[in-house]
Amino acid sequence: VLASLPLQVMLYFNVYYFPVWCLAEGMMLQLKYHLLPWHYQFLLVTAFLILSLAEGSRLYLGYLGNLQEK
């Protein structure tokens, strides 16, 4: 079994676009945060943190799994 080149290319570009997405999403969250009720504020921050952690973990495990052929 060989490492998947298309998967590795997609992971490579995603690693560079992920911080851009985090920055843009964080800026939008900051701009609209004070206009929302408290429960939406909580939900948005929670969703942002969960998605960021999940995406970071997915990228790490994708690199690890693809390069070690697992």
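These numbers were taken from a predicted model, which means no experiment stands behind them. In every chain, residue numbers begin from 1 and rise along the written sequence. The model is predicted, so local features are restricted to residues of pLDDT at least 70 and side-chain atom pairs to those at 80 or more, both for listing and for counting; the totals for chains, interfaces and linings are taken over all residues. The basis for the side-chain values is all heavy atoms of the structure; hydrogens and waters are excluded.

(A) Spatial organisation of the packing of aromatic side chains. Each aromatic pair joins two rings of Phe, Tyr and Trp (for Trp, the six-membered one) with centres within 6.5 Å, and gets the label stacked for planes under 30 degrees apart, edge-to-face for over 60, and tilted for any other angle. In total, this model carries four aromatic pairs according to the counting rule given. A centroid spacing of 5.6 Å and a plane angle of 75 degrees characterise the contact between Y12 and F13, whose relative ring orientation is edge-to-face. With relative accessibility at 41%, the residue Y12 sits in the partly exposed group. The interplanar angle of 70 degrees and the centroid separation of 5.0 Å between the aromatic rings of Y12 and Y16 together place this pair among those described as edge-to-face. Of the two residues, Y12 and Y16 are both situated in helix α1 (residues 5-32); the distance of four residues between them amounts to about one turn of the helix. Through a chain of ring-to-ring contacts, three or more aromatic side chains come together here, namely Y12, F13 and Y16. Using a 1.4 Å probe on the protein chains alone, a residue whose accessible area is under 20% of its type maximum counts as buried, one over 50% counts as exposed, and one in between counts as partly exposed. Labels follow the DSSP assignment, with helices taken as runs of H or I lasting at least four residues and strands as runs of E lasting at least two, numbered in each case from the N terminus.

(B) Molecular detail of the UniProt feature "transmembrane region" (unreviewed entry) in the protein. UniProt positions are given in the numbering used here, feature names are shortened, and annotations may be inferred rather than shown by experiment. Taken from the UniProt record, the annotation "transmembrane region" (unreviewed entry) applies to residues 6-24 and 36-54. In this annotation, residues 6-24 is assigned 100% helix and 0% strand; the end-to-end C-alpha distance for the span is 27 Å. Structurally, residues 36-54 comprises 89% helix and 0% strand, and the distance from its first C-alpha atom to its last is 25 Å.

(C) Up close: the side chain of E55. Counting through the fold element by element, E55 comes out in helix α2 (residues 38-67). A polar contact of 3.0 Å, which involves the side chain of E55, links it to the side chain of N14. What qualifies as a polar contact is a pair of N or O atoms within 3.5 Å, subject to a donor-acceptor requirement within protein and to the restriction that residues adjacent in sequence count only when both atoms come from side chains. At a separation of 2.8 Å, a polar atom in the side chain of E55 contacts the side chain of R58. Not counting the four nearest positions on each side in its chain, E55 is found in contact with N14 and F18. Contacts were defined at the residue level, with two residues in contact if any of their heavy atoms lie within 4.5 Å.

(D) Expanded view of α2. The end-to-end C-alpha separation of α2 is 44 Å, in line with the 44 Å expected for 30 residues at 1.5 Å each. Inspection of α2 places Q41, F48, S52, E55, L59, G65 and N66 among the buried residues, and these make up the whole buried set. Here the buried face of α2 lies against α1. Backbone geometry just after α2 places E69 at a positive phi near 60 degrees. Helix span, expected: 1.5 Å multiplied by one less than the number of residues in the helix.

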